[in-house]
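# Structural overview
Listed here are the chains, written in short residue letters.
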Amino acid sequence: MYDGKLNYVSKGEGFPALFLHGFPFDRRIWGEQMSALSDVARVIALDLPGFGKSPAFPRTLNPTMDQYAEAVADTATELNLGKIALVGHSMSGYIALAFARRYPEMLAGLVLVTTKPAADSKKAREGRQNLAAQVHEMGALATVIAMRAKLFASATIGRDPGLAERVKEIMLEQSSDGIIAALTAMANRPSSTRSLGKIDVPTLVIRGTEDAIMPTRSVNSLVKGIPGAKSEVMRGSGHLPMMETPDQFNSALRRFLCEIQPDNPPACLDQA
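Attention here is on the structure that accompanies the text. (Residues numbered from 1 in each chain as written. Predicted model: local features only at pLDDT ≥ 70, side-chain atom pairs only at ≥ 80, totals over all residues. Heavy atoms only, no water.)

### Focus on helix α4 (residues 122-138)
- Taking 1.5 Å per residue as the helical rise, α4 with its 17 residues ought to reach 24 Å, and the 24 Å between its terminal C-alpha atoms agrees with that figure.
- For α4, the full list of buried residues reads Arg 128, Leu 131, Ala 132 and Val 135. All buried residues of α4 fall inside an arc of 105 degrees around its axis, so they share one side. Pointing more than 90 degrees away from the buried face of α4 are the exposed residues Lys 122, Lys 123, His 136 and Glu 137.
- Contacts made by the buried residues of α4 are with α3 (91-102), α5 (141-147) and α8 (176-188). (Helix = DSSP H or I, 4+ residues; strand = E, 2+ residues; numbered from the N terminus. Expected span 1.5 Å × (residues − 1). Buried < 20%, exposed > 50% of the residue type's maximum accessible area, 1.4 Å probe, protein only. Arc of directions from axis to C-beta. Contact = heavy atoms within 4.5 Å.)

Printed below as a string of C-alpha cells:
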C-alpha cells in the first residue's frame, strides 16, 4: 500500500487528462503537452512513487503494477476528477492497463504511448534485475548508461541538440529506491493481453517509427487487442515522442481529447 501523496502539476480547466511518465523519468517529460493542450483539457502530470517529488514505496514492499495504479486512482479521487483520460508512457502504459482493469468506471479514454501488453521474457526480467543491482551500486547513473543510446530517433539529436542533455538530467535526479521498485514491478508484472478485449473506452495507441526500446509488433498488439483502438505513428521519433516530435504528438492527442469529451471547449470547436 502507498501511504504517500503523489506530486502533480496542473494547467487548464474542465475535462481532466491525467499524464503518467515512463521509466525512469518524471512529470517533466510532459512539459510540451502542459503548454499545448491546456486549452482543450485540464492537463495533470503526476510524479509516480519514488520519482520526481513523490515519496517512494516503503523499502519493505515490492510494489506491483496494481499498486502503482491504486496510487494513481487515489490521487484522481482526491482531486475529485470524475472520469478521466489516462495517458500512460512506456512503464506507465503497464500501469494504465492495470488501471483500466481495476477502475474502468473512472475512465473516459485511454492513451497508450510506446508500450505493450505482454509480460517480460526471461531475458528481459534478468536485464531488469541486473540493472537494479547496478542502480543499488551506482545510483541513477546506471540507468543513463543502460538506456540513453536507445531513447532517441537518429534525427532527434541533430534537430534538438539539447534534448538528450535535458533528458539525462531528469534521469539523474531520480531516486534509487524509486528506480529499483519500478524495475522490480516491471519484471514481475503479468501479461495484460487477455484483458485487452474488456477495455470499452476510446483508446489511442501511439508509437515512434524509430523506437529502439519498444518493438512495433509489441505496440501494435494493443491496437489489435483493444476493441476500436486507433493508432497514430510519430514519424522521426524514438521512445520519447512527446519530447522528440511534440507537434505531431500534440496534434494527435488534441484530436483524441476533443473527440472523447462530452462537452467540447471552444478550442475544440474552433478546429472542427
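### Some remarks on the sheet that holds strand β3 (residues 42-46)
- Reading across from one edge, β1-β3-β2-β4-β5-β6-β7 is the order of the seven strands in this open sheet, with mixed pairing throughout. One side of each edge strand has no neighbouring strand; the edge strands of this open sheet are β1 (8-11) and β7 (230-234). Going across the sheet, the axis of each strand differs from the next one's by a mean of 15 degrees, ignoring polarity.
- In the sheet, strand β2 (residues 16-20) pairs with strand β4 (residues 84-89) via four bridges, with the strands oriented parallel. Within β4, the residue paired with Ala 17 across the bridge is Ala 85. (Pairing = 2+ DSSP bridges. Axes fitted to C-alpha atoms, helices over the stretch in contact; angles between N-to-C directions.)

### Digging into the packing of helix α2 (residues 65-78) against α3
- The contact between α2 and α3 brings their axes to 8 Å, and the two run at 75 degrees. Judged on the interaxial angle alone, α3 and α2 are roughly perpendicular. Where α2 approaches α3, its residues Met 65, Asp 66, Tyr 68, Ala 69, Val 72 and Ala 73 are matched on the opposing element by Met 91, Tyr 94, Ile 95, Ala 98, Phe 99, Arg 101 and Arg 102.
- Residue composition of the contact of α2 with α3, by class: ten nonpolar, no polar and three charged. (Parallel < 35°, antiparallel > 145°, perpendicular 65-115°, else oblique. Nonpolar A, V, L, I, M, F, W, Y, C, P; charged D, E, K, R; others polar.)

### Brief notes about the pairing of β7
- Strand direction decides the pairing type here: strand β6 (residues 203-208) and β7, joined by five bridges, are parallel. Within the sheet, the bridge partner assigned to Arg 207 lies in β7 and is Val 233.
- For the segment spanning β6, helix α9 (residues 216-225) and β7, crossover handedness is right-handed. (Right-handed = clockwise from strand over helix to strand, strands pointing away.)

### Regarding the environment of Arg 102
- Residue placement: Arg 102 occurs in helix α3.
- The partly exposed category is assigned to Arg 102, whose relative accessible area is 35%.
- For the pair Arg 102 and Glu 32, spaced 70 residues apart in the sequence, the C-alpha separation amounts to 30 Å.

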